[in-house]
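Structural features, examined
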Amino acid sequence: MMRAVLEICAGGGGQALGLESAGFDLAGAVEIDRQACATLRLNRPRWAVLEKSVGDVEGRDFRGVDVIAGGVPCPPFSIAGKQLGPEDERNLFPEALRLIAEARPAAVMLENVPGFASARFSRYRAGLLRRLRGLGYEAEWRVLNASSFGVPQLRPRFVIIAATAPIMARFFWPDETAQRLSVGRAIGDLMGADGWPGAAGWARRASGIAPTLVGGSKKHGGPDLGPTRARKQWAALGVDGLGIADAPPQPEFPCNRLPRLTLRMAARIQGFPDTWQFSGGKTAAYRQIGNALPPPVAHAVGAALLEAFAGGVRTGRRRQEQLFAAGALA
């Protein structure tokens, strides 16, 4: 049985793509950005893409949907911003709660920046969980590192899972992968795609995990790899973070110079398949890539949710093991 998802703040499709690969069907994708909507339509013509604000979506139109998922805007809670939290006009948690109350899905999956897990937002976070409980859901949250799920960058993300009691009783957080994927292994072939002789040596030296890709916003950020600290981390991996290249290094590119990432390299570092295309110019496309939830992370959490829906004995046993490990059943 296919489970249906309503995706809000869908962006360039990272979370929706991951949930689709886990086995969900997309009932709708809500996104206000024109270029991101074009990306969704380009790659998945069958998806119902709603080009509008979350506040303009009527939740009752989606009664019966199994899951509401989405990455609500992160600037209100990001350490890179002013951390205005609930006072920030971009905070869409209230609208997400409204949709949940109107649509009454069986489960909810919301993600944000790891800053939302900080003590600064403890009261707001507790209030959010309290509201979900008031709507009839049990809720848990964790900060998951993308590098733990086959993505060659750290990218910690705050993830809330809320579900009705029978489903939540069978839900367990996905296991981390045993092996980390380095930047060199992930994109070494792309660096050498146009015949650069330094590609193999570069790939061997780029043996670490990348820092978090920074997509920026319409007001701030462009097609580069972030502020000074991030660019230093990229330089340690052999990457020039001052911009995004139009093409891989050419054969005449000096082997002792730092190459730049292309959009395709950035997308692969974010966990997108090479078949996924991005609409818009370089800045718009990079913003979609850098602001996405890596599809492999969404896949892992989505697969765990589907298993909880299925209700097998194995899920219940592993759920008990996780609760014991956390001290909840001691």
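The model shown is predicted, which means the values in this text are computed figures rather than measured ones.

Pairing in this open sheet of seven strands is mixed, and the strands run β3-β2-β1-β4-β5-β7-β6 from one edge to the other. Two strands bound the open sheet, and with one partner strand each, they are β3 (49-50) and β6 (138-145). Inspection of the sheet shows strand β1 (residues 3-8) paired to strand β4 (residues 67-71) by four bridges, in the parallel sense. Note on β4: the bridge partner recorded for I8 is G70.

Side-chain pairs of opposite charge can arise where the charged atoms are in close proximity. Scanning the model with the defined rule gives 14 salt bridges in all. Ionic pairing is found between R46 and E20, a salt bridge with its closest N-O pair at 2.5 Å. Residue R46 is found in the loop between α2 (34-43) and β3, and its partner E20 is found in helix α1 (residues 14-22); the two are separated by 26 residues along the sequence. With its nearest N and O atoms 2.6 Å apart, the salt bridge here joins D189 to R268. Taken together, the residues span a long stretch of sequence, with D189 in helix α6 (residues 183-191) and R268 in helix α9 (residues 263-269) at a distance of 79 residues. Residue class for R268 comes out buried when judged on its relative accessible area of 18%.

On to the packing of aromatic side chains, then. All told, the structure shown has eleven aromatic pairs when counted by the stated rule. Centre to centre, the rings of F93 and F116 are 5.0 Å apart; their planes meet at 20°, and the pair counts as stacked. Highlighted residues: F93 in helix α3 (residues 93-103) and F116 in the loop between β5 (107-112) and α4 (122-134), separated in sequence by 23 residues. Taken together, F93, F116, F121, Y124, W141 and F158 form an aromatic cluster joined through their ring pairs.

Burial runs high along β5: six of the six residues are buried. Of the two faces of β5, both are covered, the one formed by A107, M109 and E111 as well as the one formed by V108, L110 and N112. Pairing of β5 with strand β7 (residues 156-163) involves six bridges; the strand directions are antiparallel. Bridge pairing in β7 links A107 to A163.

With that settled, the discussion passes to α3. Residues F93, A96, L97, L99, I100, E102 and A103 constitute the buried set of α3. On its buried face, α3 sits against β1, β4, β5 and α4. Looking at the residues trailing α3, positive phi occurs at R104, about 55°.

Our focus in this paragraph is the environment of G271. Note on placement: G271 falls in the loop between α9 and α10 (282-290). Remark: the alpha-carbon pair of G271 and V151, spanning 120 residues in sequence, is separated by 5.7 Å. With residues up to four places along the chain from it excluded, the contact list for G271 reads P295 and P296.

Attention shifts here to the packing of α3 against α4. Running from N to C, α3 and α4 point in directions that differ by 10°, and their axes come no closer than 11 Å. As judged from the angle between their axes, α3 and α4 are roughly parallel. Residues F93, P94, L97 and I100 of α3 form the contact with α4, whose participating residues are Y124, L128, R131 and L132.

Our next topic: the pairing of β7. With seven of eight residues buried, β7 lies mostly within the body of the structure. With eight bridges connecting them, β6 and β7 associate as antiparallel partners. What sits directly across from E138, in β7, is A163.

The rules behind each value
Residues numbered from 1 in each chain as written. Predicted model: local features only at pLDDT ≥ 70, side-chain atom pairs only at ≥ 80, totals over all residues. Heavy atoms only, no water. Pairing = 2+ DSSP bridges. Helix = DSSP H or I, 4+ residues; strand = E, 2+ residues; numbered from the N terminus. Salt bridge = Lys/Arg side-chain N within 4 Å of Asp/Glu carboxyl O. Buried < 20%, exposed > 50% of the residue type's maximum accessible area, 1.4 Å probe, protein only. Phe/Tyr/Trp six-rings, centres within 6.5 Å; stacked < 30°, edge-to-face > 60°. Contact = heavy atoms within 4.5 Å. Axes fitted to C-alpha atoms, helices over the stretch in contact; angles between N-to-C directions. Parallel < 35°, antiparallel > 145°, perpendicular 65-115°, else oblique.

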